[in-house]
There are 4 protein chains.
Amino acid sequence: SKPFVLLAGPCAIEEEERVIRIAAEIKAITERLGIPYVFKASFDKANRSSIDSYRGPGLERGLEILARVKSELDLPIISDVHLPEQAAQAAEVLDIIQVPAFLSRQTDLLLAAGKTGKIVNVKKGQFLAPWDIDQVANKIASTGNKKILLTERGVSFGYNNLVVDMRSLPRLHAAGYPVVFDATHSVQLPGAAGTSSSGEKEYVPPLMRAALAVGVDALFMEVHDEPALAKSDGANMLPLAGLEKILKQALIIDQAQKDCQKIN
Amino acid sequence: SKPFVLLAGPCAIEEEERVIRIAAEIKAITERLGIPYVFKASFDKANRSSIDSYRGPGLERGLEILARVKSELDLPIISDVHLPEQAAQAAEVLDIIQVPAFLSRQTDLLLAAGKTGKIVNVKKGQFLAPWDIDQVANKIASTGNKKILLTERGVSFGYNNLVVDMRSLPRLHAAGYPVVFDATHSVQLPGAAGTSSSGEKEYVPPLMRAALAVGVDALFMEVHDEPALAKSDGANMLPLAGLEKILKQALIIDQAQKDCQKIN
Amino acid sequence: SKPFVLLAGPCAIEEEERVIRIAAEIKAITERLGIPYVFKASFDKANRSSIDSYRGPGLERGLEILARVKSELDLPIISDVHLPEQAAQAAEVLDIIQVPAFLSRQTDLLLAAGKTGKIVNVKKGQFLAPWDIDQVANKIASTGNKKILLTERGVSFGYNNLVVDMRSLPRLHAAGYPVVFDATHSVQLPGAAGTSSSGEKEYVPPLMRAALAVGVDALFMEVHDEPALAKSDGANMLPLAGLEKILKQALIIDQAQKDCQKIN
Amino acid sequence: SKPFVLLAGPCAIEEEERVIRIAAEIKAITERLGIPYVFKASFDKANRSSIDSYRGPGLERGLEILARVKSELDLPIISDVHLPEQAAQAAEVLDIIQVPAFLSRQTDLLLAAGKTGKIVNVKKGQFLAPWDIDQVANKIASTGNKKILLTERGVSFGYNNLVVDMRSLPRLHAAGYPVVFDATHSVQLPGAAGTSSSGEKEYVPPLMRAALAVGVDALFMEVHDEPALAKSDGANMLPLAGLEKILKQALIIDQAQKDCQKIN
């Protein structure tokens, strides 16, 4: 049976050659493993903890780099938009338009993403219950576009902490759309480092296995060749060097989950 | 000693004459009680739970109505913006630019609000710790505008529920700016009514008294002459008919808290 | 109108003369302020974080010391029991039998406390919703003893943290019994110091004022003449030297809240 | 490689013949599947939500019934104790002494359980962080008995809800003892049915798969031949008729997780 889809890449678009290098490397790994792959990177980190943090190259230059990944490496592309007006332009390059978690209740952004006709991946806000996603999906679907992905990335749990409620995954499925598990943002400790978020990347593999054992259609992961030097989210990004081993685990659990479904 | 400031009005701008009537009535009450008053209403509810909910008259028409309140009733005005591009135009009418809680991490919106030179009231996101507000305020202050208000409106507590952590109020003060307590959104049960939020308005007076006893500079309250007919947030808005009694309670506790400070 | 009742004293029974000294001092302060006073100290800390922590003198010796406080200083006494078999013996000295928060669902302990015929103060578990207290109170009341006090001491909020939901206080009142606010345990950070709990005693006065402004019948506070040397809960106990000023604040807010009720 | 151990049986000891029947049936299933099995049932439900709820046959009669299961069916037995004085007597029949979650901080109960020399299974309190278990385990180990099991059964998440933080499982392992996942209490909605707890048993299989994919040494499950008629926890107990299919899923995921470990 078909494996999950992987949405992966560095958090932010950094140097062009680094972006190409990471994309090419992940492509090679996923081809070896037979995993469908979509490249992810953000042109703008519009909600960093601190005003002094790196934001990215911006929409114009970011789309140029993403277009190069798309054409040179023949990869579909996912990236996030932050304002309604960005959606149409981004859709000229992107295959999947992503709506960030903090913005998952902003009606105009959801509508603008839907109107592009592209697949829309909406991250469930850290402040939403699983069933709250129904209204979010309805907003997108009201545009006539029902190519929707729903992403779990953890829910607020006290201060500077998130917890993944695995009950959320079947409940998101019940909305009628494919479900994505964001394995690297789910281990963020938002704001825990004072002027930035911290993270516990040692929990990425176990949470990834847990979500796959429950059953998800896609995995979202941020990956960097040198996380310690990354310009954002270094604390929770996976090192590229370890990706293949982690994806081998993912394939084993994904298959096991599909075998379980045959019992039911 | 001087009492708190009141920021109050209906959640959304509805019919023009109703808006004027509510503003005039609250003005009369606050003049009788000696409470400085700023009129509040939103021209656009950009993040309603459901796509089918009322949103408001929009920026242009909304600002016209707010300008009429301002000139006819000689009241300062607060309203919220949702996109960076709205800030400058809104600042032509508004005295206080408000940044909604869900958007309290959006850097460009905070900067656009700051750059108007107006007072900026930012609502602390339901997903933020009290100390996370420091970075939020720093973003606004980076524009050179330090006329900032910080509003507490509850933090995510399980699903479809908020809790007000009263420890937050002194911690917000520690950021160096005046603190506002939003007494009506703090009793929201977000999304709890399925396609809309529910609310427990019976808890507005006790939470308001609690916050004033801790010590706040301003109260934010949504008030409507007929909450049951209101086009948004009817479940947690206060009826106009009961406002004067509640404000009398507020004055008593506010004064008592100021008396307490003399003991320290 | 009559002020709140104060339940106060050191967390654990330490050296006998220290206990007497603290009790005498609090008695003098409360007499000056006209506050009814009940002495509190525990003979056994049965649920310390660590096996190496001080537990207290035990039931026999502890009751002897409490009996001396009672007779020498003519004070009513409150202390906590941990096993059903302790209740009857403790009731020979105590005026109020307290059931600890972790044990607030243990049926036999609630029944044994009820059967003493003494006033029973039950602390709402950190894992209970406000309305869950109804069933707890019903267990005690099933013994025919309806002299019940219900204490709020915070609810679990993420890890190693508690939050006081001030909505809880009117909801506890709705159960039909007097409500106590535990101002010092509410600022505990359970387990946050690794082998012990930490605490933020700077938040005791604001939370105390908040609870009084909402409306409570009694305040519970742990007080020590040298908190830094205390054998338990030093991080959240109030220093005896500051108690009078804090109680003056409490009286001001308590009176203000009662004045508010006249408006309604 | 060896599969997980199953700890399973009805919540409470009900009619003797029903207990024997359930135990025999689970024994037959686990023998077919090659899963080591320990029978579980409680002689006393000491912390029911309501005073009117069924508690069980009590210690004496309960141990008689458990002894019959042990001898007739040749099964090891686990059950829970609620008071220190029960531990020694219970240890005459039980192979594993269980400490309930609400009582997981009660030092004397932990010590009494440890002193029996039997395996001690302690359920992590709903109010504890994963790392808080270190001190709990240390209390038991201080008796010289290091045969300790640590059980995850969810943590408080807002009111009347629990969430399983899957990060907890590796953190419990880090304490140095085998880890158990309680798949049926983890889906409880404590107190949510007013005078009793509710539950979402449809989430037992996905949470069980998630925990096994993370990696646990044993599964704890409450099972009843007629859950709708059960005298306690009917809302979250599994029907016996569906157990074999669920355990087949469990074996698939458990094996897959062990295969993943070979990659690392």
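Being a predicted model, the structure only gives us computed values, none of them experimental.

K.L.:
Please clarify how the interface of chain B and chain A should be interpreted in this entry.
P.N.:
Bring the parts together and some accessible area is lost; that lost area is often taken as the interface size. Of the residues lining the interface, 38 residues belong to chain B; the matching set on chain A comes to 38 residues. In this assembly, chain B packs against chain A so that about 3400 Å² is buried in total across both faces, 52% of it on carbon and sulfur atoms. When the buried surface of chain B facing chain A is broken down by residue, B:Ile51, B:Arg105 and B:Tyr159 rank first, second and third, together holding 22% of it. For the pair chain B and chain A, the number of links is two salt bridges. Between A:Arg55 and B:Asp108 there is a salt bridge whose closest N-O contact spans 2.7 Å. Where chain B meets chain A, there are 12 residue pairs in polar contact (both at pLDDT 80 or more). Within the residue set of the side of chain B that touches chain A, elements represented by two or more residues are helix 4 (107-115), helix 5 (133-141) and strand 7 (155-156) of chain B. Split by residue class, the side of chain B that touches chain A holds 14 nonpolar, 14 polar and 10 charged.

K.L.:
Where do I start with helix 5 of chain B in this structure?
P.N.:
Given 3.6 residues per turn, any residue in an α-helix points the same way as the ones three and four places further on. All names here are of chain B. Most of helix 5 sits inside the fold, with seven of its nine residues counted as buried. Listing the buried residues of helix 5 in full gives Ile-133, Gln-135, Val-136, Ala-137, Lys-139, Ile-140 and Ala-141. Where helix 5 is buried, its residues meet helix 4, strand 5 (119-123), strand 6 (148-152) and helix 6 (168-173).

K.L.:
Is there a simple way to think about the relation of the copies chain B and chain A in this case?
P.N.:
Superposition of the two copies of the chain requires a rotation about an axis together with a shift along that axis. Laying chain B over chain A is done by rotating through 180° and shifting 0.0 Å along the axis; what remains is an RMSD of 0.0 Å. The operation mapping one copy onto its partner corresponds to a two-fold rotation axis. The residues that chain B uses at the interface reappear at the interface of chain A in 100% of cases, marking a shared surface.

K.L.:
What is the right way to look at the pattern of salt bridges in this model?
P.N.:
Oppositely charged side chains can pair when the atoms bearing their charge come close. Residues and elements named next belong to chain B. Applying the stated criterion across every chain, the model contains 94 salt bridges over all chains. Salt-bridge contacts for Arg-21 lead to Asp-225; the nearest nitrogen and oxygen are separated by 2.8 Å. Highlighted residues: Arg-21 in helix 1 (residues 16-33) and Asp-225 in the loop between strand 12 (218-224) and strand 13 (238-239), separated in sequence by 204 residues. On the basis of relative accessible area, Arg-21 is assigned to the partly exposed category, the value being 45%.

K.L.:
Just to check I follow, could you spell out the relation of the copies chain B and chain D for this structure?
P.N.:
Between chain B and chain D, which share one sequence, the superposing operator has a rotation angle of 180° and an axial displacement of 0.0 Å; the RMSD is 0.0 Å. Both copies contact each other with a shared surface, as 100% of the interface residues of chain B are interface residues in chain D too.

K.L.:
I keep staring at the pairing of strand 3 (residues 77-80) of chain C and nothing clicks. Help me out?
P.N.:
Every regular strand shows the same layout, with side chains that alternate between the two sheet faces. Residues and elements named next belong to chain C. Here strand 3 shows no split at all, with Ile-77 and Ser-79 on one side and Ile-78 and Asp-80 on the other all buried. Where strand 2 (residues 37-40) and strand 3 come together, two bridges link them in parallel fashion. Each residue of the ladder has a partner; that of Phe-39, found in strand 3, is Ile-77. Crossover handedness for the path strand 2 to helix 2 (residues 59-73) to strand 3: right-handed. Bridging between strand 3 and strand 4 (residues 96-99) involves three bridges; their strand directions are parallel. Counterpart to Asp-80 in the pairing with strand 4 is Gln-98.

About the criteria used
The numbering scheme is per chain: residues are counted from 1 as the chain's sequence reads. Throughout, the order in which chains and ligands are written sets their labels, letters from A for the former and numbers from 1 for the latter. Reporting of local features is limited, given that this is a predicted model, to residues whose pLDDT is at least 70; pairs of side-chain atoms are given and counted only at 80 or more, and all residues count toward the totals for whole chains, interfaces and linings. Processing note: side-chain calculations cover all non-hydrogen atoms of the structure and skip hydrogens and water entirely. Only heavy atoms enter the contact rule, under which two residues are in contact if any of them lie within 4.5 Å. Note on definitions: buried area is the accessible-area loss of two parts on being combined, 1.4 Å probe, summed for both. By salt bridge we mean one thing: a side-chain nitrogen of Lys or Arg within 4 Å of a carboxyl oxygen of Asp or Glu. Definition of a polar contact: a pair of N or O atoms within 3.5 Å, with one able to donate and the other able to accept a hydrogen when the atoms are protein atoms, and with sequence-neighbouring residues admitted only if both atoms are side-chain atoms. Under the scheme used here, helices are H or I runs from DSSP no shorter than 4 residues and strands are E runs no shorter than 2 residues, and both carry numbers assigned from the N terminus. Put simply, Ala, Val, Leu, Ile, Met, Phe, Trp, Tyr, Cys and Pro go in the nonpolar bin, Asp, Glu, Lys and Arg in the charged bin, and everything else, Gly too, in the polar bin. Throughout this description, buried means an accessible area under 20% of the type-specific maximum (1.4 Å probe, protein chains only), exposed means over 50%, and partly exposed covers the range between. Alignment of copies: least-squares fit on C-alpha atoms of residues with pLDDT of at least 70 in both copies. The criterion for strand pairing is that DSSP finds at least two bridges linking the strands in question. Call a crossover right-handed when, viewed with both strands pointing away from you, the route from the first strand across the helix to the second goes clockwise.

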